[in-house]
Amino acid sequence: MRSVAMIENWPVENAAAAVVRADGTVVGAHGPLDRPFPLASVTKPLAAYAALVAYEEGAVELDEPAGPEGSTVRHLLAHTSGLAFDEHRVMAAPGTRRIYSNAGFEALGDHIAKATDIPFADYLRQAVLEPLGMTATTLDGSPAKDGVSTAGDLVRFAAEVQAPRLLDPRTVLEAMSVVHPGLTGILPGYGHQKPNDWGLGFEIRDAKSPHWTGASSSPRTFGHFGQSGTFLWVDPDAGAACVALTDRPFGPWAVEAWPPFTDAVLGELRARR
């Protein structure tokens, strides 16, 4: 795919990107796919997937108490626990506001670790990374932001999300469906969104504007981007997912570069049908 090579024009020193179908076929790739990059918040979908494995294994329930008083595992996954962005301080009653929260994912990791009696990084590795062959992916720190991975590993995860083997497809469908519809909130880097829809660990595109995906991305698109200049989106209508990793922090360059890149990828995918 010529469109994937557009990363050569990004103002970054190193970048890797790939597009993958549900069957694991990589239909386009460019850059060093085996180079490790810090994921920043693209760590969250991996952590969420591990939490959903714990749910299916019976270690936790989505609606059991977790985090601040009145909050549940579901609230933590959907950024509606009421916890502040980067500190364990309650700012709202659970389920009333969409407050994007690293602290919430750290509380989630602590909860899973206690429920399984396995450190969360080890649980993530055993439940998700090893079964998918993601041997270059590590978590050394916060389940909200301290993952390190390669584009080659992330396409394995992106294929899994499109055609689940580790989870029941109904669980993944729930994860990509809006939790607590209608809540407003701040999408980091893109300001106030009304509504600011999220699923279970995945941001949902819907009609958000401005947004880091493309103008032609379907409303059903879901995924995550990271402040380290990384993103992963899955567009069910296009039948494909895309990952991009860079070594430059998110900023105006990404706001400008990412949407046309995504639109070019989607345009090429549609032309191939």
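Everything quoted here is computed from the prediction, not taken from an experiment.

Draft legend 1. Representation of the overall build of the protein within the structure. In terms of regular secondary structure, the protein is built from seven helices and eleven strands. Taking 2.2 N^0.38 as the reference for a compact globule, 273 residues should give roughly 19 Å; the C-alpha atoms of the protein span a radius of gyration of 17 Å, in line with that estimate. Within the protein, buried positions represent 56% of all 273 residues. Sequence-distant contacts, at least 24 apart, represent 56% of the contacts inside the protein between residues at least 6 apart. Entry remark: accessible area of the protein is about 10,800 Å², with carbon and sulfur atoms responsible for 52%.

Draft legend 2. Just the sheet that holds strand β4 (residues 138–139), in detail. On the basis of which strands lie adjacent, the open sheet formed by three strands has the order β3-β5-β4 and antiparallel pairing. Of all the strands in the sheet, the pair left with one neighbour each is β3 (37–40) and β4. Relative to strand β5 (residues 147–149), β3 runs antiparallel, the two being bridged by three bridges. Across the sheet, residue Phe37 finds its bridge partner in β5, namely Ser149.

Draft legend 3. Looking closely at the sheet that holds strand β11 (residues 240–246). If you trace the six strands from one edge of the open sheet to the other, you get β2-β1-β11-β10-β9-β8, paired in antiparallel fashion. The open sheet terminates on both sides in strands that have one partner only, identified here as β2 (26–30) and β8 (203–204). Pairing geometry for strand β1 (residues 15–21) and β11, over seven bridges, is antiparallel. Within the sheet, the bridge partner assigned to Ala17 lies in β11 and is Ala244.

Draft legend 4. Local environment of the side chain of Thr116. Its location among the elements puts Thr116 in helix α3 (residues 102–116). Ignoring any residue separated from it by four or fewer positions in sequence, one finds Thr116 in contact with Ala59 and Tyr123.

Draft legend 5. Spotlight on the nonpolar core. Residues Leu77, Val128 and Phe157 are the most contacted members of the largest nonpolar core, which totals 57 residues. In contact with Phe157, other than residues within four places in its own chain, are Pro45, Leu46, Tyr49, Val128, Leu132, Met134, Phe202 and Leu232. In terms of nonpolar packing, the next biggest core, distinct from the first, is built from 30 residues, Ala17, Trp212, Ala238 and Phe250 among them.

Calculation rules
- Residues numbered from 1 in each chain as written.
- Predicted model: local features only at pLDDT ≥ 70, side-chain atom pairs only at ≥ 80, totals over all residues.
- Heavy atoms only, no water.
- Helix = DSSP H or I, 4+ residues; strand = E, 2+ residues; numbered from the N terminus.
- Rg over C-alpha atoms; globule rule 2.2 N^0.38 Å.
- Buried < 20%, exposed > 50% of the residue type's maximum accessible area, 1.4 Å probe, protein only.
- Contact = heavy atoms within 4.5 Å.
- Areas by Shrake-Rupley, 256 points an atom, 1.4 Å probe, with all protein chains shown as cover.
- Pairing = 2+ DSSP bridges.
- Core = buried A, V, L, I, M, F, W, Y, C linked by side-chain atoms within 4.5 Å.

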